[in-house]
Amino acid sequence: MVRIGAHVDQDDPLGHAHAIGADVVQFFLGDPQGWKGPVLPATADALNASDVDVYIHAPYVINVATANNRIRIPSRKLLAAHLEAAAGLGAKGLIVHGGHVGKDDDPQVGFDNWRKVFERMDCPIPVLIENTAGGGNAMARKLDRVARLWEALDGLEVGFCLDTCHAHAGGEDLADVVDRVKAITGRIDLIHCNDSRDAFDSGADRHANIGQGRIDPELILNVCRAAGAPIVVETPGAGQAEDIAFLRANLN
């Protein structure tokens with residue numbers, strides 16, 4: 001049976017999991033928009049001892065692809081710190097966005113910078129690169145860019161997180177996206193199962209509860225079925241329990 005859960009607040013991940021019927025939780029270890037190091041939740045021991053699977057989402061500010069040393073170098077350090085902390089929590093993986101380079105930069109610079117990350121950093125747990133919704137020079141919005149990124153990472157151990165809202169908003173057809181992703185990466189380690197408030201190819205990263213946005217719920221279900229990976233909903237909190245129940249009723 002597929003494991004299904006949600007992105008929850010870091011104050012009490014286990015309590016939130018029980019409240020919404022989740023057997024997977026994802027959360028941040030600090031301010032997602034800040035550069036401070038990770039902080040483990042006070043309930044870390046109880047979470048580690050539970051049967052709830054844990055995924056950690058790295059801060060949004062991390063951009064290891066950029067040519068800007070003042071962002072790239074701190075990004076690498078922050079990524080390494082979160083990776084170590086996530087491993088200490090027994091997390092199944094650390095999710096990080098693909099990042100971007102400047103509008104006038106050669107995208108190959110970003111792909112090469114990603115390779116340097118994995119060549120220089122120990123990975124006690126999988127790093128899962130996530131597709132993103134927008135950005136004209138993003139590393140992981142369009143699948144042709146993901147293909148170039150995976151070419152640069154050839155021979156290195158790296159995982160992939162597929163976000164349904166990001167794919168829709170990024171202009172990738174969900175009808176066959178799983179097959180196209182697996183043809184590139186060989187794997188999908190986690191699904192971020194989100195509806196989208198905005199239109200196809202809008203570039204807007206705005207999540208909605210399942211059935212409340214612009215994506216046909218059957219399309220979302222088909223992605224989840226085809227991927228066969230654990231599922232995390234990153235939808236508005238008031239409807240997360242219903243989203244999980246809907247997925248569980250239609251997938252298991």
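Scroll up to find the structure this text is about.
Treat the numbers as computed from the prediction; the structure is a model and nothing was measured.

### Details of the overall build of the protein
Then step 1. Of the regular secondary structure elements, the protein holds 9 helices and 10 strands.
Then step 2. Compactness check: the protein gives a C-alpha radius of gyration of 17 Å against a globular reference of 18 Å for 252 residues, within 12% of the reference.
Then step 3. Scored against the burial criterion, the 252 residues of the protein give a buried share of 53%.
Then step 4. Split by element, the accessible area of the protein, about 10700 Å² in all, is 48% carbon and sulfur.

### A few points about the packing of helix α5 (residues 143–152) against helix α7 (residues 177–185)
Then step 1. Running from amino to carboxyl end, α5 crosses α7 at an angle of 20°, the nearest separation of the two axes being 9 Å. Between α5 and α7, the interaxial angle falls into the category roughly parallel. In the crossing of α5 with α7, the sense of the turn from one axis to the other is right-handed. Contacts between α5 and α7 involve Leu143, Val146, Ala147 and Trp150 from the first element and Val177, Arg180, Val181, Ile184 and Thr185 from the second.
Then step 2. Among the residues making up the contact of α5 with α7, the classes are represented as 7 nonpolar, 1 polar and 1 charged.

### A closer look at the packing of aromatic side chains
Then step 1. The full count for this structure, using the stated rule, is 3 aromatic pairs.
Then step 2. Ring plane angle 80° and centroid distance 5.3 Å describe the contact between Phe28 and Tyr60, whose orientation is recorded as edge-to-face. In this pair, Phe28 sits in the loop between β2 (24–27) and α2 (44–49) while Tyr60 sits in the loop between β3 (53–57) and α3 (69–88), placing the two residues 32 residues apart along the sequence.
Then step 3. Judged by its relative accessible area of 10%, Phe28 falls in the buried class.
Then step 4. Taking the relative accessible area as the measure of exposure, Tyr60 reaches 39% and is therefore partly exposed.

### Examining the sheet that holds β2
Then step 1. Pairing is parallel in the closed barrel, where 8 strands are placed in the order β1-β2-β3-β4-β5-β6-β7-β10. On average, adjacent strands in this sheet sit at an angle of 25° to one another, irrespective of strand direction.
Then step 2. The pairing of strand β1 (residues 4–7) with β2 spans 3 bridges and is parallel. What sits directly across from His7, in β2, is Gln26.
Then step 3. In the packing of α3 onto the sheet, contacts are made with β3, β4 (93–97) and β5 (127–130), and the angle to β4 comes to roughly 155°.
Then step 4. On the sheet, helix α9 (residues 240–251) packs against β1 and β10 (231–233) and is oriented at approximately 155° with respect to β1.

### Quick look at the nonpolar core
Then step 1. Counting residues in hydrophobic clusters, the biggest one holds 69 residues, and the most contacted among them are Trp114, Leu162 and Ile191.
Then step 2. Ignoring sequence-local partners within four residues, the contact set of Ile191 consists of Leu162, Val223, Cys224, Ala227, Ala229, Pro230, Ile231 and Val232.
Then step 3. In terms of nonpolar packing, the next biggest core, distinct from the first, is built from 7 residues, Val24, Cys161, Leu190 and Val232 among them.

### Things to note about the environment of Asp53
Then step 1. Of note, Asp53 is situated in strand β3.
Then step 2. Filtering out sequence-adjacent residues up to four positions away, Asp53 remains in contact with Arg3, Asp23, Val24, Val25 and Lys92.
Then step 3. A distance of 3.0 Å separates the side chain of Asp53 from the side chain of Arg3, its partner in a polar contact.

### Focus on unusual backbone geometry
Then step 1. One non-glycine residue, Asp201, adopts positive backbone phi at about 65°.
Then step 2. Inspection of the secondary structure assignment puts Asp201 in the loop between β8 (195–196) and β9 (207–208).
Then step 3. Judged by relative accessible area, which is 39%, Asp201 ranks as partly exposed.

### What to know about the side chain of Ser75
Then step 1. Turning to its location among the elements, Ser75 is positioned in helix α3.
Then step 2. Here Ser75 falls in the buried class, since its relative accessible area comes to 0%.
Then step 3. Beyond its immediate sequence surroundings of up to four residues, Ser75 is in contact with Trp35, Val61, Ile62, Asn63 and Val64.

### Section: the pattern of salt bridges
Then step 1. Per the stated rule, a full pass over the model turns up 12 salt bridges.
Then step 2. When the shortest N-O distance is used, the salt bridge between Lys103 and Asp104 registers 3.3 Å.
Then step 3. Judged by its relative accessible area of 73%, Lys103 falls in the exposed class.
Then step 4. According to the relative accessible area criterion, Asp104 is exposed, its value standing at 68%.

Calculation notes
- Residues numbered from 1 in each chain as written.
- Predicted model: local features only at pLDDT ≥ 70, side-chain atom pairs only at ≥ 80, totals over all residues.
- Heavy atoms only, no water.
- Helix = DSSP H or I, 4+ residues; strand = E, 2+ residues; numbered from the N terminus.
- Rg over C-alpha atoms; globule rule 2.2 N^0.38 Å.
- Buried < 20%, exposed > 50% of the residue type's maximum accessible area, 1.4 Å probe, protein only.
- Areas by Shrake-Rupley, 256 points an atom, 1.4 Å probe, with all protein chains shown as cover.
- Axes fitted to C-alpha atoms, helices over the stretch in contact; angles between N-to-C directions.
- Parallel < 35°, antiparallel > 145°, perpendicular 65-115°, else oblique.
- Left-handed = near helix turned anticlockwise from the far one by under 90°.
- Contact = heavy atoms within 4.5 Å.
- Nonpolar A, V, L, I, M, F, W, Y, C, P; charged D, E, K, R; others polar.
- Phe/Tyr/Trp six-rings, centres within 6.5 Å; stacked < 30°, edge-to-face > 60°.
- Pairing = 2+ DSSP bridges.
- Core = buried A, V, L, I, M, F, W, Y, C linked by side-chain atoms within 4.5 Å.
- Polar contact = N/O pair within 3.5 Å; in protein donor to acceptor, adjacent residues only side chain to side chain.
- Salt bridge = Lys/Arg side-chain N within 4 Å of Asp/Glu carboxyl O.

Keep in mind that these numbers describe shape and distance, not what the molecule does.
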